[in-house]
Amino acid sequence: MSASTATAPARGLRAPARGTLLGYLLLLPAVAVIVLLVIVPMAVIARQSFALSDPLLGGTMGGFTWDNYAKLFDPVYAKTMGYSLGLAALNAAVCLVVGYLLAFYISTRPANRQPVLLMLVIIPFLTDFLVRTFAWITLLGSGGPYVRIARALGFDASSLVPSQFAVIMSLLYAFLPVAVFPIYASMRAIDPSLREAASDLGAGWWQTHRRIFIPLSATGIGSSIMLTFVPTLGVFVIPVLLGGGKDPLVGNLIVTLFTEFRNEPMGAAMSMVVLVLMLASVAVITGLLRLLSIRSNRRAA
Amino acid sequence: MDRVVAWFCRLVFVFLYVPIVAVVVYSFNASEVSYRFTGLTTHWYSDLFHDDRLLATLRTSIVVGVLAALVATAIGFLTAFSLARFQVKGRAFFLGAILIPLIVPEIVIGVSLLEVFSSIGMQTGILTLVLGHIVITLPLATLVQMGAMAALDPSLSEAATDLGATGWITFRRVLFPLLRPSVLAAFLLSFTTSFSNIVISTFTSGVGSTTLPLRIYSSLRTGLTPELNALGTLLVLFTLVVIFLVGVRQMRRILA
């Protein structure tokens, strides 16, 4: 998932240039999967998002209309859209700050302790998503540890499920590891002597980070935002289980439109919005990163 | 300030484990009503093994997971091998294409698959689940195996060639045995990803092909039961076993 593994040129297995045809043949199955099960389906969804919906039977009637996109501005949809974007931004921001600090902390530990600490982040990450979600019902629900501890301390506490707080906590819990990994990957590549140099030259904590660590880990920071912001919009389990379904996210709306209302064109339009936002975030982040590297090259020159 | 960060990070580690520990602890809680802790019991575990409907969904998840992981690992191996060994033009393009499912939000992949399956009149069931899960596991399987191939010492295959081994013999006798751990790692990670998937399964499962996560989700909507904590504990245990088998080094290669 890290950019470093993805773009590093392979060293280990280089073969002579002959046999390149075999190379293409070996790629065929993967290309088939991507084309038939990702590209074509997304094209179908794009088409559906402009189709008329059948008001009686559900499903699509073909045709071409902008109505589905126009309806996104209806208060019902616009409200969910706005709320989702706000919550996603909040989640991405918290994940980024906490993830950055954690990645920095791990990358500055002795080399032999780093794998252990990284493993401590990987274990929750690979634990079943639903288990990680319902754990918060146990923790914050009625009669759970939170209520009991708060009451023992003399507070008048009651169950926090359903609540927005529970939604935010479990979103953070679900997305934090994904935010840590890419930042850690770029932190690990930073020369540790830079830190000493900065403090020898009298830079404070904030200055060291602003001038050295944040710019040098910018790629990881960018990936971390990409992996948390838009994906939060598509979450549908957490708002139902911990938010009581009162404040749906875009993901809930998509599921409902497809499985309950059978208004496929509308659901397709919503999915396209998520997809376009994702592409936009990738474009903006890579653009900003390029700008940053041009700027720093100019400064160096 | 560094000391403040260090303390903060220790708290974050606590935050990462409190929920998991709570699930494990409450799975042994004797009290059925609410979460009053009244003593220890293991009978939620034995209840699990007598829940036939649950076991049926477990079987579905295992079948889907094994099939999807087998296909993803095999295709991922071919892809990684091609990209690592041959001078394919447009390498970055192919790699980028294979990583698309990591970038596109799962829900978009899920609904678009549903649309395609229904537009060609394909009944949702085991097959559609497997196809959907192949999409999301293929990038992982490819990355794990590509990382291992990039780390191989190139002189090994050169030595084999110098000693007169043909391309196929070199592959079968030298390269593949060295790559076997990464093939296993790719399989296990793909299986875990498929086994715990809920988003793709929501759109690609049919009547009679409910997966375990779908079943957990629908019972959670009516409330959390002690059995679910017991099941959760077993799933945590399963995760630990997988991580142990895959090994830290392999995990690090794909994640960080």
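These figures come from a predicted structure and were not determined experimentally. In this convention, every chain numbers its residues from 1, walking through the sequence in written order. Here chains are named by letter from A upward and ligands by number from 1 upward, in the order in which they appear as written. Confidence filtering applies because this is a predicted model: local features only for residues at pLDDT of at least 70, side-chain atom pairs given and counted only at 80 or more, and all residues used for totals across whole chains, interfaces and linings. The basis for the side-chain values is all heavy atoms of the structure; hydrogens and waters are excluded.

## Thoughts on empty space enclosed by the protein
Each cavity reported here is a set of points on a 1 Å grid over the protein atoms alone in which a 1.4 Å probe fits but cannot get out, each pocket an open set with protein on both sides within 12 Å along at least five of seven lines, and each lining residue one with an atom within 4 Å of a point. Grid points are joined across faces, edges and corners, and a volume is the space filled by probe spheres set on the points. Within the structure shown, the criterion is met by 3 cavities of 30 Å³ or more. In this structure, the second largest cavity encloses a volume near 40 Å³. Together, Leu-126, Thr-127 and Asp-128 of chain A together with Thr-192, Phe-195, Ser-196, Leu-235, Phe-238 and Thr-239 of chain B line the second largest cavity. Strands here are runs of E lasting at least two residues and helices are runs of H or I lasting at least four, both read from the DSSP assignment and numbered beginning at the N terminus. Those elements giving two or more residues to the lining of the second largest cavity turn out to be α9 (167-195) and α12 (226-246) of chain B. At 3 residues, the largest contribution of residues to the lining of the second largest cavity is made by α12 of chain B. The residue classification treats Ala, Val, Leu, Ile, Met, Phe, Trp, Tyr, Cys and Pro as nonpolar and Asp, Glu, Lys and Arg as charged. All others, Gly included, are polar. Classifying every residue of the lining of the second largest cavity gives 4 nonpolar, 4 polar and 1 charged.

## Let's talk about helix α10 (residues 205-216) of chain A
The span expected for a helix works out to 1.5 Å for each residue beyond the first. A rise of 1.5 Å per residue sets the reference length of α10 of chain A, with its 12 residues, at 16 Å; its end C-alpha atoms lie 15 Å apart and thus fit the reference within 8%. What makes two residues a contact is simply this: any of their non-hydrogen atoms within 4.5 Å. Each element contacted by the buried residues of α10 of chain A is listed here: α4 (75-107), α8 (164-188) and α9 (193-200) of chain A.

## Focus: the state of the cysteines
Here, the term disulfide refers to a pair of cysteine sulfur atoms separated by no more than 2.5 Å. The tally for this structure, following the rule as stated, stands at 0 disulfides over all chains. Here Cys-95 of chain A is not cross-linked by a disulfide; its sulfur's nearest cysteine counterpart is in Cys-9 of chain B, at 14 Å.

## Let's talk about the domain arrangement of chain B
Residues and elements named next belong to chain B. Source of the domain bounds: an automatic or database domain assignment. You can read the domains of chain B as domain 1 (1-41) and domain 2 (52-255). Computed over C-alpha atoms, the centres of domain 1 and domain 2 are 30 Å apart. Accessible area that two parts lose when put together, with a 1.4 Å probe and added across both, is what the buried area reports. With both chains or domains summed, domain 1 and domain 2 bury close to 600 Å², and 66% of this area falls on carbon and sulfur atoms. Salt bridges are counted wherever a side-chain nitrogen of Lys or Arg sits within 4 Å of a carboxyl oxygen of Asp or Glu. Counting across the interface, domain 1 meets domain 2 through 0 salt bridges. By the criterion applied in these results, polar contacts are pairs of N or O atoms within 3.5 Å in which, for protein atoms, one can donate a hydrogen and the other can accept it, and in which residues neighboring in sequence qualify only through two side-chain atoms. The tally of links between domain 1 and domain 2 comes to 1 residue pair in polar contact (both at pLDDT 80 or more).

## Comments concerning the UniProt feature "transmembrane region" (unreviewed entry) in chain B
Here the UniProt-annotated "transmembrane region" (unreviewed entry) positions come out as residues 7-28, 62-81, 93-114, 120-144, 182-208 and 228-248 of chain B. Secondary structure content for residues 228-248 of chain B is 95% helix and 0% strand, while the C-alpha to C-alpha distance between its ends is 29 Å. UniProt positions are given in the numbering used here, feature names are shortened, and annotations may be inferred rather than shown by experiment.

## Structural notes on the side chain of Thr-41 of chain B
One can find Thr-41 of chain B in the loop between α1 (2-27) and α2 (43-50). Not counting residues up to four positions away in its chain, the partners in contact with Thr-41 of chain B are Ser-27, Phe-28, Asn-29 and Ala-30 of chain B.

## What to know about the pattern of salt bridges
Going through the model one piece at a time under the given rule, you end up with 3 salt bridges over all chains. In this structure, Arg-195 of chain A and Asp-2 of chain B form a salt bridge, with 3.0 Å as the shortest nitrogen-oxygen distance. Taken together, the residues Arg-195 of chain A in helix α9 and Asp-2 of chain B in helix α1 connect one chain to another. With a 1.4 Å probe rolled over the protein chains alone, any residue whose accessible area is under 20% of its type maximum counts as buried; one over 50% counts as exposed, and the rest are partly exposed. The class for Asp-2 of chain B is partly exposed, based on a relative accessible area of 34%. As a salt-bridge pair, Glu-264 of chain A and Arg-262 of chain A come within 2.7 Å of each other at their nearest N and O atoms. For Arg-262 of chain A, a relative accessible area of 39% translates into the label partly exposed.

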